[in-house]
Amino acid sequence: TRTPVNVTVTGAAGQIGYALLFRIASGQLLGADVPVRLRLLEIPQAVKAAEGTAMELDDCAFPLLSGIDITDDAKTAFDGVNVALLVGARPRTKGMERGDLLEANGGIFKPQGEAINAGAADDVRVLVVGNPANTNALIAQRHAPDVPAERFTAMTRLDHNRALSQLAKKLGVSITDIKKMTIWGNHSATQYPDLFHAEVNGRVAAEAVDDQAWLENDFIPTVAKRGAAIIEARGASSAASAANAAIDHVYDWVNGTAEGDWVSMAVPSDGSYGVPEGLISSFPVTVEDGKYSIVQGLEIDEFSRGRIDASVAELVEERDAVQALGLI
Ligand code: NAI
């Protein structure tokens, strides 16, 4: 039998945690033959609720779940961790300025980065879901100097999946007819879902759509503002779809992407496509042997260039703001 993989989930008692933990324990995160040991990190006030979720996990009698530990201590939570899902974050509340938001999250992601640095397994992979995800990932990464920088990623897979779904609806095709979708930039309203490199049954998606007005005024804003639309409709933010995207992100990172396709991940830039080195920005990536590579050589036209630059400019501003606050 295989040694269990240590999976740590922060914010385990939250909405996304509830939608995520059962799928991890059932084998969907890593594969149907990989046993997992769950570590749940919560703030002290939410430990009891996490214990309740753990009781339900027990009651599922998942054959692959080899144990659950619950803690409010980051060092304990990340000791020996192989896969770290950083979901818990400080949400923006009314009247909160961006600086306050970044500072509050710095207080979470700095110690978590340090704890990962101190105790994580050599093969650790980190996915940051908690917003502002790209910049939270940057903060954690900067406080884990002994971990290879490329192990820190942030989630734009939900945006990627939203883009697939909107495009499939528009063209009346199935999701499997679409390949090479890309989200560029920040997981925020400035993100750029790109139809100029996506393919629908082998044809460039933007040409298949042949409607620049729809692309600019409908598709891009619908994908970028979908989170707000979900809150408006559901009275709560995306949870199951966010958990699903986290599963997709890690599964593909570990098990690889399909031949002739790619996925979107926010990863530390190596300078590709003019994105300043070190910024954690979304790119098209392929994965082979557990390692991702940014897809190279795509031609970027003027429209896409402008959109990518605008989102990357926002990431630069966020980085400069956390730098000014002494968080990195
Ligand atoms: P939630 O508020 O239901 O749960 C968050 C949980 O995190 C709470 O249980 C809280 O106690 C916990 N938490 C707070 N600080 C913590 C700390 N220092 N250590 C451990 N746990 C801590 O929120 P929900 O709906 O589960 O969302 C979580 C995050 O994911 C939010 O920041 C949200 O904006 C973000 N999100 C990101 C998406 C993406 O596409 N990247 C999509 C949807 C949500």
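Please read all numbers here as calculations on a predicted model, not as lab measurements.

Novice: Would you mind going over the UniProt feature "active site" (unreviewed entry) in the chain with me for this structure?
Specialist: Residues annotated in UniProt with the feature "active site" (unreviewed entry) correspond here to H187. In this fold, H187 is placed in the loop between β8 (182–184) and β9 (192–194). Once residues lying within four places of it in the same chain are set aside, the contact partners of H187 are N131, N134, M155, T156 and D159.

Novice: What exactly am I supposed to notice about the UniProt feature "domain: Lactate/malate dehydrogenase N-terminal" (unreviewed entry) in the chain here?
Specialist: Mapped onto this numbering, the UniProt entry gives "domain: Lactate/malate dehydrogenase N-terminal" (unreviewed entry) at residues 6–146. Secondary structure content for residues 6–146 is 44% helix and 18% strand, and the end C-alpha separation is 19 Å.

Novice: Would you mind showing me how to read the pairing of strand β2 (residues 36–41) here?
Specialist: Along any regular strand, the residues point their side chains to alternate faces of the sheet. The buried fraction of β2 is high, at five of six residues. As paired elements, strand β1 (residues 5–10) and β2 share six bridges and run parallel to each other. Residue V5 lies in a different strand from β2, and its bridge partner there is V36. Each parallel crossover has a hand, and for β2 linked through helix α2 (residues 47–60) to strand β3 (residues 65–71) it is right-handed.

Novice: What exactly am I supposed to notice about the site of the ligand here?
Specialist: In the vicinity of the ligand there are 23 residues, among which Q15, I16, E42, V129 and N131 approach most closely. Q112 is positioned such that a nitrogen or oxygen atom in its side chain is 3.4 Å from a nitrogen atom of the ligand. Contacts to the ligand include V129, whose backbone N or O atom sits 3.3 Å from a nitrogen atom. Notes on the ligand: free accessible area 860 Å², of which the protein chains cover 80%. Mapped onto the shell around the ligand, the elements with two or more residues apiece are α1 (15–25) and α4 (98–119).

Conventions used here
- Residues numbered from 1 in each chain as written.
- Predicted model: local features only at pLDDT ≥ 70, side-chain atom pairs only at ≥ 80, totals over all residues.
- Heavy atoms only, no water.
- UniProt positions renumbered as here; feature names shortened; annotations may be inferred.
- Helix = DSSP H or I, 4+ residues; strand = E, 2+ residues; numbered from the N terminus.
- Contact = heavy atoms within 4.5 Å.
- Buried < 20%, exposed > 50% of the residue type's maximum accessible area, 1.4 Å probe, protein only.
- Pairing = 2+ DSSP bridges.
- Right-handed = clockwise from strand over helix to strand, strands pointing away.
- Near = heavy atom within 4 Å.
- Polar contact = N/O pair within 3.5 Å; in protein donor to acceptor, adjacent residues only side chain to side chain.
- Areas by Shrake-Rupley, 256 points an atom, 1.4 Å probe, with all protein chains shown as cover.

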